[in-house]
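# Observations on chain architecture
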Amino acid sequence: MKRYSHITGWGMVVPERILTNEEITQTVDTTDEWIRTRTGVQERRIAAEDETTASLASGAALKALTMAGIKPSQVDMIIVSTSSPEHTFPSTASIVQDEIGAIKAGAFDLSAACTGFIYALDMVSHAITSGSIDIALVIGAETLSKIVNWKDRNTCILFGDGAGAFVLQALDKPGGFISSVLRSDGSGADLLTLPAGGSKLPASEQTVRDGLHYIHMQGREVFRFATRVMAKATLETVEKGGLTLDDISLIIPHQANQRIIESAAKKLKLPMDKFFVNLDKYGNTSTASIPIATCEAVEADALQPGDMIVFVGFGGGLTWGSALIQWSGPQLEVKPIRTGWYQFWAGIRSFLLKILRRIEGLLSGLGE
Ligand code: ACO
């Protein structure tokens, strides 16, 4: 049986708190007009203190699983793409695995900035079509508000928090993931970076004093890079999949800046209604932007089963990439499941495992 990697479930979570441009003008020297005309962003969502990248990711994952009718215990692999992980290690994916009760899943984080979701889609799709796994969760999740310098008007106006997740599943009917293009140019690594906290510049009082634990970005250069690669990457993946732009129903780009998307549309000679845009509501949620936009495209009836679509993104690294997908739509035979139940048991299981480990430690201490 030939195996295809289909997107059979999708879900998104954004924090409730809305931060408008007007509110930002009270903390940095900017205007609503400047932000809207230079970026397209009108408002963004900001995580509450108790909301983290893992909690948003778990929420989105459970919604996607519910739609796909897949129990957490059936998932083979979880990839969380993020630039604002819970910790350097352990991975945010392992925390999600525990929170949702995906007891047999492998889990790891993937770091390719805003392009990470496309990288992750490519990785799991090849694992699925090769027969290595059957069911995977790909999650893009960020709480960038926690690593943004709210006194830096060059960056704080751009970003927002949120998570989006897809369930990918092996099916024998043609469709789903078709082709992808993944690229990197590390010579531009310094253009978009979180300088401190890694092995090159460990966190210290000095790095905190210098604000090196915040996102640093050379916006103009990133903008130029983005407008160079978006159209090219779109064309490359479409050609690799044996199609032409005429076959494409919708392009879901990384939601960084309205002008970057307009520039890609112009280069591809496509009207803007071929691009799904929702960055006005959420700002740039980095790697979460493509799955969040996909969920909203479905809600808006902009995506129909059988449609050929392209995901295209760029980000720190520098990285960029694109993926050609034949949209599968909901699987009609699937019965949604109540994932809340699984999460409840996952909490109890995790608690019991922690106690068991403690007891085991005490007993082995006594035996020595
Ligand atoms: N309000 C008012 N003025 C501002 C603001 C602001 N928020 N920010 C910058 N300015 C000023 C600058 O200081 C500059 O003033 P100057 O001419 O006196 O020096 C002027 O506006 C123009 O600045 P530019 O940087 O040239 O403005 P630009 O039109 O390029 O817009 C922006 C800046 C929005 C950051 C744009 O460059 C951009 O979107 N770049 C891409 C950023 C991006 O997408 N990053 C995320 C990548 S994905 C990831 O991996 C997370």
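Details of the structure are given in the entry above.
For the structure given in this document, a descriptive report is provided here. Please read all numbers here as calculations on a predicted model, not as lab measurements.

Moving on to the sheet that holds strand E1 (residues 4-13). Reading across the sheet, the 5 strands line up as E1-E7-E6-E4-E5 and stay open at both edges, with mixed pairing between neighbours. With partners counted over all chains shown, the strands left at the sheet margins are E1 and strand E5 (106-110), one partner each. The average angle at which neighbouring strand axes cross in this sheet is 20°, direction not considered. In this sheet, strand E6 (residues 135-143) lies alongside strand E4 (residues 77-81) in parallel orientation, the contact comprising 5 bridges. In the sheet register, Val80 faces E6, and the bridge partner there is Ile139.

In terms of nonpolar packing, the biggest core is built from 42 residues, with Ile248, Ile251, Leu268, Phe275, Val310 and Phe314 touching the most fellow members. Residue assignment for this core shows that the elements contributing at least two residues are helix H7 (219-240), helix H8 (258-268), strand E12 (308-315) and strand E13 (319-326). With 8 residues, H7 is the largest single contributor of residues to this core. Not counting the four nearest positions on each side in its chain, Phe314 is found in contact with Cys114, Thr115, Val222, Phe225, Ala226, Val229, Met230, His254, Ala256, Ile260, Thr319 and Trp320. Judged by nonpolar contacts, the second largest core, of 38 residues, contains Val14, Ile292, Ala293 and Ile309.

With respect to the helices and strands, the residue Ser180 is situated in strand E8 (residues 176-184). Exposure remark for Ser180: the relative accessible area of 5% places this residue in the buried category. Polar side-chain contacts of Ser180 include one of 2.4 Å to the side chain of Asp122. If near-sequence neighbours (up to four positions away) are discounted, Ser180 is found in contact with Asp122, Thr237, Lys240, Ser322 and Ala323.

Moving on: the pairing of E5. In this sheet, E5 lies alongside E4 in parallel orientation, the contact comprising 5 bridges. Residue pairing across strands places Met77 opposite Gly106, the latter belonging to E5. Crossover handedness for the path E4 to helix H4 (residues 92-100) to E5: right-handed.

What follows is about the packing of aromatic side chains. The tally for this structure, following the rule as stated, stands at 6 aromatic pairs. Considering the side-chain rings of Phe225 and Trp320, the 5.6 Å spacing of their centres and the 70° angle between planes classify their relative orientation as edge-to-face. Placement of the pair is Phe225 in helix H7 and Trp320 in strand E13, with a sequence separation of 95 residues. Here Phe225 matches Trp320 in class, with each residue buried. A centroid spacing of 5.4 Å and a plane angle of 70° characterise the contact between Phe344 and Trp345, whose relative ring orientation is edge-to-face. Judged by relative accessible area, which is 45%, Phe344 ranks as partly exposed. A network of ring pairs unites the aromatic residues Phe117, Phe166 and Phe311 as a single cluster.

Here is what the cut-offs are and how they apply
Residues numbered from 1 in each chain as written. Predicted model: local features only at pLDDT ≥ 70, side-chain atom pairs only at ≥ 80, totals over all residues. Heavy atoms only, no water. Pairing = 2+ DSSP bridges. Helix = DSSP H or I, 4+ residues; strand = E, 2+ residues; numbered from the N terminus. Axes fitted to C-alpha atoms, helices over the stretch in contact; angles between N-to-C directions. Core = buried A, V, L, I, M, F, W, Y, C linked by side-chain atoms within 4.5 Å. Buried < 20%, exposed > 50% of the residue type's maximum accessible area, 1.4 Å probe, protein only. Contact = heavy atoms within 4.5 Å. Polar contact = N/O pair within 3.5 Å; in protein donor to acceptor, adjacent residues only side chain to side chain. Right-handed = clockwise from strand over helix to strand, strands pointing away. Phe/Tyr/Trp six-rings, centres within 6.5 Å; stacked < 30°, edge-to-face > 60°.

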